[in-house]
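An overview of the molecular structure
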Amino acid sequence: MRAGTTSKEGVLVNFPNGDTRRLASGPSSDISKAVVEVFAGKFLDSPGVIWLSESGNKTAHSDIKLALSIGLDIQANKDLPDLILVDVGPSLPLIVFVEVVATDGAITPRRQEALYAITDKAGFDRSQIAFVTAYADRETAGYKKTMSGLAWGSFVWFMSEPDNLVILRNNVQLLASLNIDLFNHL
């Protein structure tokens, strides 16, 4: 995270398109900031932020124009995660649903299916969809509380280990080479 962007006025988040938003101070906002500013840049070729919410403001940022440009109609509901990122770099966009966990609220199988319903309705192939649960680190109570309920076919990212992803895969043959771009080979 960039130094000097968290203050008593909140957490300043710098979006890939140059926009900024100030979120309420707190651990969830710190993780959201890291997802937008660090995770998106490390794991997506050409990232965009379609949706960012926080506890007190369910639509702190929404880019309806970007969502519609890829054919995604987002309606605020209880199943939406804290963040929806998109990678518009590949020939087909990759939609990344990210749930930020300070205390609770991971990507569970039920939430995963609810989010698939949104993208299925829009005609996206499931290979264009990724799910990430983001935590501050492996020692937080939120991670320990939610790890057993994380959905298979999703990823875990820790703000404290920004270069790494945990992959929750089942029934997958190991690839001969593990040096692959995971988001492009879902």
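One can find the structure itself at the top, above this paragraph.
About the criteria used
- Residues numbered from 1 in each chain as written.
- Predicted model: local features only at pLDDT ≥ 70, side-chain atom pairs only at ≥ 80, totals over all residues.
- Heavy atoms only, no water.
- Helix = DSSP H or I, 4+ residues; strand = E, 2+ residues; numbered from the N terminus.
- Contact = heavy atoms within 4.5 Å.
- Bend = angle between axes of the 7 residues up to and from the residue.
- Buried < 20%, exposed > 50% of the residue type's maximum accessible area, 1.4 Å probe, protein only.
- Core = buried A, V, L, I, M, F, W, Y, C linked by side-chain atoms within 4.5 Å.
- Expected span 1.5 Å × (residues − 1).
- Polar contact = N/O pair within 3.5 Å; in protein donor to acceptor, adjacent residues only side chain to side chain.
- Pairing = 2+ DSSP bridges.
- Salt bridge = Lys/Arg side-chain N within 4 Å of Asp/Glu carboxyl O.
- Phe/Tyr/Trp six-rings, centres within 6.5 Å; stacked < 30°, edge-to-face > 60°.
- Lys NZ or Arg CZ within 6 Å of the ring centre and 35° of its normal.

Attention now moves to the side chain of Ser32. Assignment of secondary structure puts Ser32 in helix 1 (residues 27–43). The contacts of Ser32, once residues within four sequence positions are left out, are Leu23, Leu52, Leu83 and Val100.

This paragraph deals with helix 1. For helix 1, the principal kink sits at Val35 and spans about 35°. Every buried residue belonging to helix 1 is among Ser29, Ile31, Ser32, Lys33, Ala34, Val35, Val36, Glu37, Phe39, Ala40 and Phe43, and all of these are buried.

A word on the nonpolar core. Counting 27 residues, the largest nonpolar core has Val35, Phe39, Leu83, Leu85, Val96, Val98 and Trp157 as the members making the most contacts within it. Going through the elements one at a time, strand 2 (10–14), helix 1, strand 4 (47–54), strand 6 (83–87), strand 7 (94–100), strand 8 (129–135) and strand 9 (154–158) are the ones with two or more residues in this core. It is helix 1 that contributes the most residues to this core, 7 residues altogether. Trp51, Ile70, Tyr116 and Ile129 belong to the second-largest nonpolar core, a separate cluster that totals 20 residues.

Glancing now at helix 3 (residues 109–121). Relative to the 18 Å expected for 13 residues at 1.5 Å per residue, helix 3 spans 18 Å between its end C-alpha atoms, a close match to the ideal helical length. For helix 3, the complete set of buried residues consists of Arg111, Gln112, Ala114, Leu115, Tyr116, Ile118 and Thr119. Contacts made by the buried residues of helix 3 are with strand 7, strand 8 and strand 9. Immediately downstream of helix 3, the backbone of Gly123 shows phi near 90°, a positive value.

What follows concerns the side chain of Gln128. In this fold, Gln128 is placed in the loop between helix 3 and strand 8. Taking relative accessible area as the criterion, Gln128 reaches 10% and is therefore assigned buried. Here the side chain of Gln128 touches Pro93 through a polar contact of 2.9 Å, landing on its backbone oxygen. Leaving out residues up to four positions away in the same chain, Gln128 has contacts with Leu92, Pro93, Leu94 and Ile95.

The next point concerns the pairing of strand 4. Strand residues, when the strand is regular, have side chains that alternate between the two faces of the sheet. Of all 8 residues making up strand 4, 7 are buried, and the element is well covered by its neighbours. Both strand 4 and strand 6 contribute to a ladder of 5 bridges, which runs antiparallel. The partner of Val49 across the bridge, within strand 6, is Leu85.

Attention shifts here to the pattern of salt bridges. Opposite charge on two side chains permits pairing when their charged atoms draw close. With the rule as written, the count across this model stands at 8 salt bridges. Lys33 is the partner of Glu37 in a salt bridge, and the nearest nitrogen-oxygen pair spans 2.8 Å. Within this pair, Glu37 and its partner Lys33 are both found in helix 1, separated by 4 residues, close to a single helical turn. By relative accessible area, which is 0% here, Lys33 ends up buried. When the shortest N-O distance is used, the salt bridge between Lys42 and Asp163 registers 2.7 Å. Here the residue Lys42 occupies a position in helix 1, and Asp163 occupies one in the loop between strand 9 and strand 10 (166–168), the gap between them amounting to 121 residues.

Attention now moves to the packing of aromatic side chains. Tallying each qualifying case throughout the model produces 7 aromatic pairs. Taken together, a centroid distance of 4.9 Å and an interplanar angle of 85° make the contact between Tyr116 and Phe131 edge-to-face. Taken together, the positions of Tyr116 in helix 3 and Phe131 in strand 8 put the pair 15 residues apart, joining distant regions of the chain. When its relative accessible area of 0% is taken as the criterion, Phe131 is described as buried. Relative to Phe158, the ring of Tyr143 has its centre 5.1 Å away and its plane inclined at 85°; by these criteria the two rings are edge-to-face. Residue Tyr143 is located in helix 4 (residues 141–146), and its partner Phe158 is located in strand 9; the two are separated by 15 residues in the primary sequence. Like Phe158, Tyr143 is buried. By the ring-pair criterion, three or more aromatic residues cluster together here, those being Phe39, Phe43 and Trp157. For the cation-ring pair, Arg138 lies above Phe158, with the distance from its terminal atom to the ring centre recorded as 5.9 Å.

Structural measurements only, silent on function.
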